[in-house]
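An overview of the molecular structure
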Amino acid sequence: MNATQSTLSLKSVYIDFREITKARLAISVVFSSVAGFMLGIAGFDSLNWMTLLKLAVGGYCMVGASNAFNQVIEKDLDALMDRTKDRPVPAGRMSKSTALIIASLLTIIGIVLLYTINPKTAMFGAISIFLYTSLYTPLKTMTSLSVFVGAFPGAIPFMLGWVAATGEFGIEAGTLFLIQFFWQFPHFWAIGWFLYEDYEKAGFFMLPTGKKDKGTALQVILYTVWLILASLLPALGFTGQLFITPVAAVVVFLLGLWMLFYSVKLYKLRTAKAARTLMLVSVMYITLLQLVYIFDKFLR
């Protein structure tokens, strides 16, 4: 009986840790960092697996810390929303002090691991935590510009991988940052659209016009266009060591048209279903884009 209870206890701790760090989101962010790292190395035979492991674990710690700090700050607001009320802190399964300790430990471990790669990687990791917790989180209840502010820490992971691989922040890392920066807007506005009523309970401002209207949908289209243009920059020969072949550029362009199609569909229908579909497409878009960049680098 005690063994069974111990197993259940360990399982619940594991589940709560996954929830406090938002494991699925953290893993997707780590994937972006790994993609940037693969683009930054000279070739597959120069791949340092230990550095890649430190980037992955350190990156997870940094994202997990940001999410844990966020849940400590928003404990009372999370309790008001259906999608967040069962999180460990608002549900009472974990105290704020415990969550704060976890967030602090993850921050320290993450920064130390990233610093052992190079100081610039640790610096950008620390900046992402600061922007996410100190600016983006409190601004969500004040202004819809919170999404703009949150796009900065959200865009760091892709370029963080390049910085980890090269130790440099230049036009290449800046281009990767730009791509993920513009991607944030249609992605999070789509989430803000289909979860509008839930966000409203907590007083969060997640849509640019504050409403599910044509103005918001039009901005989704405009930022999707900017995303497509940014994604094609490496095909033009102006982004240093980061470049893609014409074949890859065509694939990237078609992926962009695919996402633009669903952005326009949201403008026409303005339904929660259309917004949810766009969100899912945006996740597949950024993942496929990164894979296309990587395969193009190693197969050309």
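Residues numbered from 1 in each chain as written. Predicted model: local features only at pLDDT ≥ 70, side-chain atom pairs only at ≥ 80, totals over all residues. Heavy atoms only, no water.

1. Let's talk about the overall build of the protein
From N to C terminus, the protein includes 12 helices and 0 strands. Scanning the protein from its N terminus toward the C terminus, one meets helices and strands in the order α-α-α-α-α-α-α-α-α-α-α-α. The C-alpha atoms of the protein give 20 Å as radius of gyration, which agrees with the globular expectation for 300 residues (19 Å, within 12%). Each principal axis of the C-alpha atoms in the protein carries an extent, and together these give about 60 × 50 × 35 Å. In the protein, once contacts between residues fewer than 6 apart in sequence are set aside, the share between residues at least 24 apart is 74%. A total accessible area of about 14,200 Å² is found for the protein, and carbon and sulfur atoms account for 70% of it. (Helix = DSSP H or I, 4+ residues; strand = E, 2+ residues; numbered from the N terminus. Rg over C-alpha atoms; globule rule 2.2 N^0.38 Å. Contact = heavy atoms within 4.5 Å. Areas by Shrake-Rupley, 256 points an atom, 1.4 Å probe, with all protein chains shown as cover.)

2. Looking at the packing of helix α3 (residues 49-73) against helix α6 (residues 119-139)
Across the interface, α3 lies against α6 with an axial gap of 10 Å and an inter-helix angle of 20°. In terms of orientation, α3 and α6 fall into the roughly parallel class. The chirality of how α3 crosses α6 is right-handed. On α6, the residues touching M62, A65, S66, N67, F69, N70 and I73 of α3 are G125, A126, S128, I129, Y132, T133 and T137. For the contact of α3 with α6, the per-class residue count stands at 7 nonpolar, 7 polar and no charged. (Axes fitted to C-alpha atoms, helices over the stretch in contact; angles between N-to-C directions. Parallel < 35°, antiparallel > 145°, perpendicular 65-115°, else oblique. Left-handed = near helix turned anticlockwise from the far one by under 90°. Nonpolar A, V, L, I, M, F, W, Y, C, P; charged D, E, K, R; others polar.)

3. Brief notes about the pattern of salt bridges
Inspection of every chain in the model, using the stated rule, returns 10 salt bridges. One salt bridge in this structure joins E74 and K140, with 3.1 Å as the shortest N-O distance. Linking E74 in the loop between α3 and α4 (75-78) with K140 in the loop between α6 and α7 (146-166), this pair joins segments that are 66 residues apart in sequence. The buried category is assigned to E74, whose relative accessible area is 3%. Two residues, K212 and E197, come together in a salt bridge whose shortest N-O distance is 2.8 Å. (Salt bridge = Lys/Arg side-chain N within 4 Å of Asp/Glu carboxyl O. Buried < 20%, exposed > 50% of the residue type's maximum accessible area, 1.4 Å probe, protein only.)

4. Let's talk about a nonpolar patch on the surface
On the surface, L218, L222, V225, W226 and L229 cluster together into a nonpolar patch covering about 460 Å² of accessible area. On the accessibility criterion, W226 (47% relative accessible area) is partly exposed. (Patch = residues over 30% accessible without salt bridge, like charges linked within 9 Å, V, L, I, M, F, W, Y side chains within 5 Å.)

5. Details of the side chain of K140
Look at K140 and you get buried, because its relative accessible area is 6%. Here K140 is in contact with N70, E74, S146, G203, F204, F205 and M206, once residues within four sequence places are set aside.

6. Side note on the packing of aromatic side chains
Within this structure, the stated rule accounts for 19 aromatic pairs. Grouped by ring-pair contacts, the aromatic residues F148, F152, F177, F181, F182, F185, W189, Y223 and W226 constitute a single cluster. Across from the ring centre of F194, 4.3 Å away, lies the NZ or CZ of R276, which sits over that ring. It is K297 that lies over the ring of F298; its NZ or CZ is 5.7 Å from the centre. (Phe/Tyr/Trp six-rings, centres within 6.5 Å; stacked < 30°, edge-to-face > 60°. Lys NZ or Arg CZ within 6 Å of the ring centre and 35° of its normal.)

7. Observations regarding empty space enclosed by the protein
Using the criterion set out here, one finds 1 cavity of 30 Å³ or more in the structure. Taken as a whole, the largest cavity encloses approximately 60 Å³ of empty space. In terms of residue class, the lining of the largest cavity is built from 6 nonpolar, 1 polar and 2 charged. (1 Å grid on protein atoms, 1.4 Å probe; cavity = no way out; pocket = protein on both sides within 12 Å on 5 of 7 lines; lining within 4 Å. Points joined across faces, edges and corners; volume = space filled by probe spheres on them.)

Honestly, that's just the spatial picture; any functional story needs more than this.
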